[in-house]
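Take a look at the letters that make up each chain.
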Amino acid sequence: MDITERFLSYVAFDTQSSEESTTTPSTHKQFALATHLVDELKGLGLTEVEMDSMGYVYATLPANTDEPVPTIGFIAHMDTSPDASGADIKPRIVKAYDGKDLVLDAEAGIVTDVKTFPELLDHVGEDIIVTDGHTLLGADDKAGIAEIVSAMEYLLAHPEIKHGKVRVGFNPDEEIGLGAHHFDVKKFGCDWAYTMDGGELGEIEFENFNAAGAKIEINGVSVHPGYAKGKMVNAALVAADFIHRMPATETPATTEGYEGFFHLTGIEGSVEKATVSYIIRDHDRARFETRKQMVASLVEGMNRQYGEGTLVLTLKDQYYNMREKIEPVMHVIDIIKEAMEQAGIEPQVRAIRGGTDGAQLSFMGLPCPNIFAGGLNFHGPHEFLPIPNLQKACEVVVNIVSITAQRQW
């Protein structure tokens, strides 16, 4: 099957995950794509194809050489972001993009304009896949799935390309931070793996944020406002005071590159009760710990002001920077670079201002850097996928498999 056709077949499945759910997968509809993938992988001739009770799909491309070769894996996620609808996606292929604004829905006035999205200009002359402006596209990460499956199909059709055992894994719920939580690293049985979940052509990512979540519950004292002097503690005002004391220049909107931040993700409250939620991010582990301590110290100081127990902090680490797990095995990065160069791609090593399943998997014992999948403007209706990016990512997967088998282990 043509890789573009394969990708378009996947986006027909609504696989949006849900942060409100307590099940795995978070939405039952993710099982539909998982079941489809099981049937497809079996039809292609992969072995050990299975889907577990939580929708994780695993399969094997058997080795075709007797030489000792490490077992490597490729991973992508099936879910799409809760940030925008993933239902009834209507993709359209723009042939030989001309560099002008893209009208997605003329009647609704939805346009992907070059001024706002200048990355379009990097793909003039290419065929690109866009939405109709009312849903996301789903290249994050159905492009990654299509690239992995198409690479396995190609390797099966070209036995002259010698390779070791290759494992593939497709998981639910990456977009809500839970994709790696039930990934069976032991069953996967790889020396290392790669997530195909990055953006633009050439991206290699093996650094990500250290991440924590902070929830501050505020207990007020509610009394009649006519008789409140010296008695009332307005929880909503305490919440506002807390937010005001946080660093205004260390937010996502004011930082870039390796700069960390505090991100206010939610606030709700009344006189009696209030809740403030933050996520804390930093690439540097020491600065990350300092940021957490700053929040804890602020809560402690405000409790001295407003009364002990007024503010209650719950602080939880979420994931860590995978760099510390990748640096001891940098050959996994060298192989990606060589694979890209063979495909005529200039490698672009970048730090992720976020996290991936690969970060969590790396700390679970499976070194797992991230490679471009080719899509841009994820999580919204202006998402698009240049078809050459899709094709090149597939070529990189094939090259990685081949190069790994050629090395002396």
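In the block above lies the structure referred to throughout.
Criteria and thresholds
- Residues numbered from 1 in each chain as written.
- Predicted model: local features only at pLDDT ≥ 70, side-chain atom pairs only at ≥ 80, totals over all residues.
- Heavy atoms only, no water.
- Salt bridge = Lys/Arg side-chain N within 4 Å of Asp/Glu carboxyl O.
- Helix = DSSP H or I, 4+ residues; strand = E, 2+ residues; numbered from the N terminus.
- Buried < 20%, exposed > 50% of the residue type's maximum accessible area, 1.4 Å probe, protein only.
- Polar contact = N/O pair within 3.5 Å; in protein donor to acceptor, adjacent residues only side chain to side chain.
- Contact = heavy atoms within 4.5 Å.
- Pairing = 2+ DSSP bridges.
- Core = buried A, V, L, I, M, F, W, Y, C linked by side-chain atoms within 4.5 Å.
- Phe/Tyr/Trp six-rings, centres within 6.5 Å; stacked < 30°, edge-to-face > 60°.
- Lys NZ or Arg CZ within 6 Å of the ring centre and 35° of its normal.
- Axes fitted to C-alpha atoms, helices over the stretch in contact; angles between N-to-C directions.

**Digging into the pattern of salt bridges**
No. 1: Going through the model one piece at a time under the given rule, you end up with 21 salt bridges.
No. 2: Of the charged contacts in the structure, one is a salt bridge between Asp14 and Lys29, with a shortest N-O distance of 2.9 Å. In this pair, Asp14 is assigned in the loop between helix 1 (3–11) and helix 2 (30–44) and Lys29 in the loop between helix 1 and helix 2, connecting sequence segments 15 residues apart.
No. 3: A salt bridge links Arg291 to Glu250, with the nearest nitrogen and oxygen atoms 2.7 Å apart. Within this pair, whereas Arg291 is found in helix 6 (residues 285–306), its partner Glu250 is found in the loop between helix 5 (235–245) and strand 12 (261–269), the two being separated by 41 residues in sequence.
No. 4: Under the relative-accessibility criterion, Arg291 is labelled buried at 11%.
No. 5: Linked through salt bridges whose partners overlap, the residues forming this network are Arg285, Glu289, Lys292, Asp317 and Glu324.

**So, the side chain of Gln30**
No. 1: In this fold, Gln30 is placed in helix 2.
No. 2: One polar contact links Gln30 to Asp173, side chain to side chain, over a distance of 2.9 Å.
No. 3: Apart from residues lying up to four places away in sequence, Gln30 is in contact with Thr15, Gln16, Ser17, Pro25, Asp79, Pro172 and Asp173.

**Some words on the sheet that holds strand 17 (residues 385–386)**
No. 1: Taken together, three strands build an open sheet; the order of strands is 4-7-17 and the sheet is antiparallel. The outermost strands of the open sheet, each flanked by one partner alone, are strand 4 (92–94) and strand 17.
No. 2: Here strand 4 pairs with strand 7 (residues 128–130) via three bridges, running antiparallel. Pairing of Val94 across the sheet is with Ile128, part of strand 7.

**Looking at the pairing of strand 3 (residues 72–77)**
No. 1: Taken across its six residues, strand 3 has six buried, putting it largely inside the fold.
No. 2: Alternating residues of strand 3 divide into Ile72, Phe74 and Ala76 and Gly73, Ile75 and His77, and every residue in both groups is buried.
No. 3: Direction of pairing for strand 3 relative to strand 9 (residues 192–198): parallel, over a ladder of four bridges. Its bridge partner lying in strand 9, Ile75 is registered against Thr195.

**Thoughts on the nonpolar core**
No. 1: Counting 67 residues, the largest nonpolar core has Phe7, Phe74, Ile145, Met152, Phe170, Tyr194 and Ile400 as the members making the most contacts within it.
No. 2: Looking at this core element by element, the count peaks at 10 residues for helix 10 (residues 387–406).
No. 3: If we ignore the near neighbours within four places in the chain, the residues touching Phe170 are Leu37, Leu41, Gly55, Tyr56, Val57, Ala76, Met78, Ile145, Ile148 and Val149.
No. 4: In this structure, Ile216, Phe242, Phe262 and Ile280 belong to the second largest nonpolar core, which totals 21 residues.

**Details of the packing of aromatic side chains**
No. 1: Going through the model one piece at a time under the given rule, you end up with nine aromatic pairs.
No. 2: Among the aromatic residues, those joined into a cluster by ring pairs are Tyr56, Tyr58, Phe183 and Phe188.
No. 3: Of note, Arg291 hangs over the ring of Phe262, and the distance from its end group to the ring centre comes to 4.9 Å.

**Observations concerning the sheet that holds strand 3**
No. 1: Sheet architecture is open: eight strands sit in the order 1-2-8-3-9-16-10-15, paired in mixed fashion. Both edges of this open sheet fall to strand 1 (47–51) and strand 15 (348–351), since each of them pairs with a single strand only. If you compare each strand with its neighbour and ignore which way they point, the axes differ by 25° on average.
No. 2: Across the face of the sheet, helix 3 (residues 139–157) comes into contact with strand 2 (57–61), strand 3, strand 8 (166–171), strand 9 and strand 16 (370–372) while running at roughly 145° to strand 3.

**Some details on the environment of Asp98**
No. 1: With respect to the helices, strands and loops of the structure, Asp98 is situated in the loop between strand 4 and strand 5 (102–105).
No. 2: As for Asp98 and Asn219, which are separated by 121 residues in sequence, their C-alpha atoms are 58 Å apart.
No. 3: At a separation of 3.0 Å, a polar atom in the side chain of Asp98 contacts the main-chain amide nitrogen of Lys100.

**Some remarks on unusual backbone geometry**
No. 1: Residue Pro25 is bonded to the preceding Thr24 through a cis peptide linkage, with omega at -5°.
No. 2: Mapped onto the fold, Pro25 is located in the loop between helix 1 and helix 2.
No. 3: The omega torsion across Asp140 and Asp141 is 15°, close enough to zero to call that bond cis.
No. 4: Its place among the elements puts Asp141 in helix 3.
No. 5: Even without a glycine there, the phi angle at Glu48 is positive, about 50°.
No. 6: Considering the arrangement of structural elements, one finds Glu48 in strand 1.
No. 7: In this model, Asp88 sits at a positive phi of 55°, which is unusual for a non-glycine residue.
No. 8: In this fold, Asp88 is placed in the loop between strand 3 and strand 4.
No. 9: Classification of Asp88 as exposed rests on a relative accessible area of 58%.

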